[in-house]
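Breakdown of the fold
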Amino acid sequence: MIPINRHRIWQIVADGALVAAAWWLAFELRFDHGVPPYYDTLFKRTVLIVVGIKLLVFILFGFYDRWWRYVSTRDMWSAVRGVTVASLVADVTVYFASPVADVRLPRSIAVMDWLLLLALVAGSRLIARSVFERPTPGRLVARGKEVLVVGAGEAARDTIREMHRNPQLGYTPIGLVDDDPRKKNIRIHGVRVLGTTADLPHLLRDNKPDEVLIAVPSASGEFRRAVVTTTREQGVPVKTLPGLHELISGDIDLALQIRPVQVEDVLGRDPVDVDLDSAAPYVEGKTVLVTGAGGSIGSELCRQLTRLGPQRLILVEQGETALFEIERELVDERSFSAAVPVLADVGNPTKMRQVFERYEPSIVFHAAAYKHVPLMEANPLESVRNNALATKVVVDAAVAHGVERFVLVSTDKAVNPKTVMGQSKAVCEWVVEAYGAREDISTRFVAVRFGNVLGSSGSVIPIFRRQIEKGGPVTVTHPEMTRFFMTIPEAASLVIQSGSIGGEGHVFVLDMGDPVKIVELAEQMIRLSGKDPGEIGIDFVGARAGEKLHEELWGEGETVVATAHPKIRRVSGPVVDAVWLQDELAELDRLVEAGETLEAVSRLATMSREPRYAVVRDEDSVLEDTLH
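Here is a short report on the structure shown in this document. Just so we're clear, the structure is a prediction, and the values are computed from it rather than from any experiment. All chains use their own residue numbering, which begins from 1 and follows the written sequence. Thresholds applied to this predicted model are a pLDDT of at least 70 for local features of residues and 80 or more for the giving and counting of side-chain atom pairs; totals over whole chains, interfaces and linings are not thresholded and use all residues. Excluded from the side-chain calculations are hydrogens and water; all other atoms, namely the structure's heavy atoms, are used.

1. What about the packing of helix 13 (residues 380-400) against helix 19 (residues 578-594)?
Each pair of packed helices can be summarised by the angle the axes make with each other and by the distance between the axes. Heads up, the rule is: Here an axis means a line fitted to C-alpha atoms, over the contact stretch when the element is a helix, while the angle between two N-to-C directions is reported on a 0 to 180 degree scale. Where helices and strands are cited, they refer to DSSP runs of H or I of at least four residues and of E of at least two residues respectively, numbered from the N terminus. Geometric relationships in this document are graded by angle, where less than 35 degrees denotes roughly parallel, more than 145 denotes roughly antiparallel, 65 to 115 denotes roughly perpendicular, and other angles denote oblique. Left-handed describes a crossing whose near helix is turned anticlockwise from the far helix by less than a right angle; the clockwise case is right-handed. Here, two residues are considered to be in contact whenever any of their heavy atoms come within 4.5 Å of each other. All residues other than Ala, Val, Leu, Ile, Met, Phe, Trp, Tyr, Cys, Pro, Asp, Glu, Lys and Arg, Gly among them, are scored as polar; the first ten of these are nonpolar and the last four charged.
Interaxial distance between helix 13 and helix 19 falls to 10 Å at its minimum, and their mutual angle equals 140°. As the angle between them shows, helix 13 and helix 19 are arranged oblique. Note that helix 13 runs across helix 19; the crossing there is left-handed. In this structure, helix 13 uses Leu381, Val384, Arg385, Leu389 and Lys392 to contact helix 19, whose residues at the interface are Gln582, Leu585, Leu588, Asp589 and Val592. Class assignment of the residues belonging to the contact of helix 13 with helix 19 gives a composition of 6 nonpolar, 1 polar and 3 charged.

Rendered as structure tokens:
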């Protein structure tokens, strides 16, 4: 199929005229006193041949799969290569297959034709872009909001260009702020760099912008927080471009992604850089099954997996609405038609067996779980059933049907667990470790343990946001309470990455950065809403039953080993006895089915306190396995 868009026909016509013009000018400029008759005949008999050859080469080089108004420096280099190849092919053809006997194409004409055509092709595209981006009447008069842009890098340049090109955005950039002193007073698309972020307070007073925009996708949390603090003191609203981990690779209009600053932007932790492409080989071309596909982590796993080229994505979810929404998003918004929605309870052995028999997945990401601690304390049987027992069901189905890799999404609450939810997730990790240690199965098992994810369903951020909207107070359990936080895209990326480097029941821990005080998180959210913590109020309501002041990512009996990825660590420790675990799970299953709440909770607590271990892996082999 010829790589050309039918809407670019006018571009082909224009280039055809330029090719003919360059060919004619080369002949005219070569001779001082007019073109000799035999060379004039050569020109007339070859002009259409040259036009046809060069247009064909242009098409093959992809000249017409982009608009001239969006031409870039990279496109210019592509034009140089295309014009050079086209000229060589046309010149060689005319030279060796001359339609005029005993007349050869002069080399000087070939060189001049190449230079002229290159100038015409590049110039026409640059002129087209200049025309589309030319200042509109009244450009110097502010329209919409006057915005001061923090940052003078590529993102800021693209954003300013889009603001100029698209009046509907309603922004007029009036100045730039950048901490590189070499950039002061330079102009970017006509907008001057006024100073550094240290100058921001007086720049805000002197220029009085309607809004400040942070256009530095790689900015740290501390940087964003400092800007937010300064703008708030001056009473100026602030917005931001998404962080690097949110941006999708490819050509995008950054200006269309301007959004309010969110709490994850100012937490002070650097976003984790994950090279998903290196994880692609174990996913590419495979059938991948994701349980809990409608949840916070499960849905983000699905979004990122679609970029890795799986043959098919099986979405297993118990909630009808959540399943419908993620399936529609993947198909309609992300154009991934190979998404198969399966409405199912992962704790149902018969249904899971049918799903695995029908779709034969090669990779399984098990994200389905109940996670809300207070709810699980009030409904312990469901916590045991949907977390511990359901994991055993899915693992058994995966082993029975020859799944290549099984990745469990775990939690830091499984470390030294004090709640039913944490204890049930600890059992999930034991199941993965026990099966991973077996030598009679080929499935590679991995568990990935991390803390809270920002903005997930039921997390403190949506709760705080609702309380702030109601006028407060914001309720915090304890003034010293801390938690680890990570964004949902980061967590999902690292889960996928962990699946590529582990096996044999390995448990991985994600680098969550430093723990964050919940009260400081609440204060940041209140300030971002434009209010003062004293105005909204923060009430301390006391820690709930079993709730720890500080979560841990690994226990006292566990050691931590580095892996090939700097943000992923391997946790090493004793492995529970598989026979003992099988018997305990069978007894838990009986108690859950019988509705024996107290007995089930007691049994689970006893398991957590007194696990029976089988073997401890050789620590010298841990690092070798992890780096495999």
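2. Description of helix 2 (residues 37-60)
Stated formally: Every helix has an expected span of 1.5 Å times one less than the residues it contains.
Here helix 2 contains 24 residues, and its C-alpha end-to-end distance of 35 Å stays within 8% of the 34 Å for a straight helix at 1.5 Å per residue. Of the residues flanking the end of helix 2, it is Gly62, one or two places downstream, whose phi is positive at about 75°.

3. Focus: unusual backbone geometry
A cis amide bond links Gly472 with the next residue in sequence, Pro473, at an omega value of 0°. Unusually for a residue other than glycine, Asn185 sits at a positive phi of about 75°. Relative to the helices and strands, Asn185 resides in the loop between strand 2 (171-177) and strand 3 (187-188). Despite not being glycine, Glu360 has its phi angle at roughly 45°, a positive value.

4. Digging into the sheet that holds strand 21 (residues 559-562)
Stated precisely, the cut-off is as follows: A pair of strands is considered paired only if DSSP assigns at least 2 bridges between the two.
Read across the open sheet, the 9 strands follow the order 10-9-8-11-12-13-18-22-21; overall the sheet is mixed. If you trace the sheet from one side to the other, it starts and ends with strand 10 (339-343) and strand 21, each paired once. In this sheet, adjacent strand axes meet at a mean angle of 25° when their direction is disregarded. Across 5 bridges, the pairing between strand 8 (residues 287-291) and strand 9 (residues 312-317) is parallel. Across the sheet, the residue bridging to Val288 is Leu313, located in strand 9. Against the sheet, helix 10 (residues 320-333) engages strand 9 and strand 10, with an angle of about 175° to strand 10.

5. Topic: the pairing of strand 8
Put simply, the test is: Using a 1.4 Å probe on the protein chains alone, a residue whose accessible area is under 20% of its type maximum counts as buried, one over 50% counts as exposed, and one in between counts as partly exposed. When the strands point away from the viewer, a crossover counts as right-handed if the route from the first strand across the helix to the second turns clockwise.
Counting buried positions along strand 8 gives 5 out of 5 residues, so the element sits mostly inside the fold. Here strand 8 shows a buried face lined by Thr287, Leu289 and Thr291 and a second buried face lined by Val288 and Val290. Crossover strand 8 to strand 9 through helix 9 (residues 296-306) is right-handed. Relative to strand 11 (residues 363-366), strand 8 is paired through 4 bridges, and the arrangement is parallel. By the bridge assignment, Val290 is partnered in strand 11 with Phe365.

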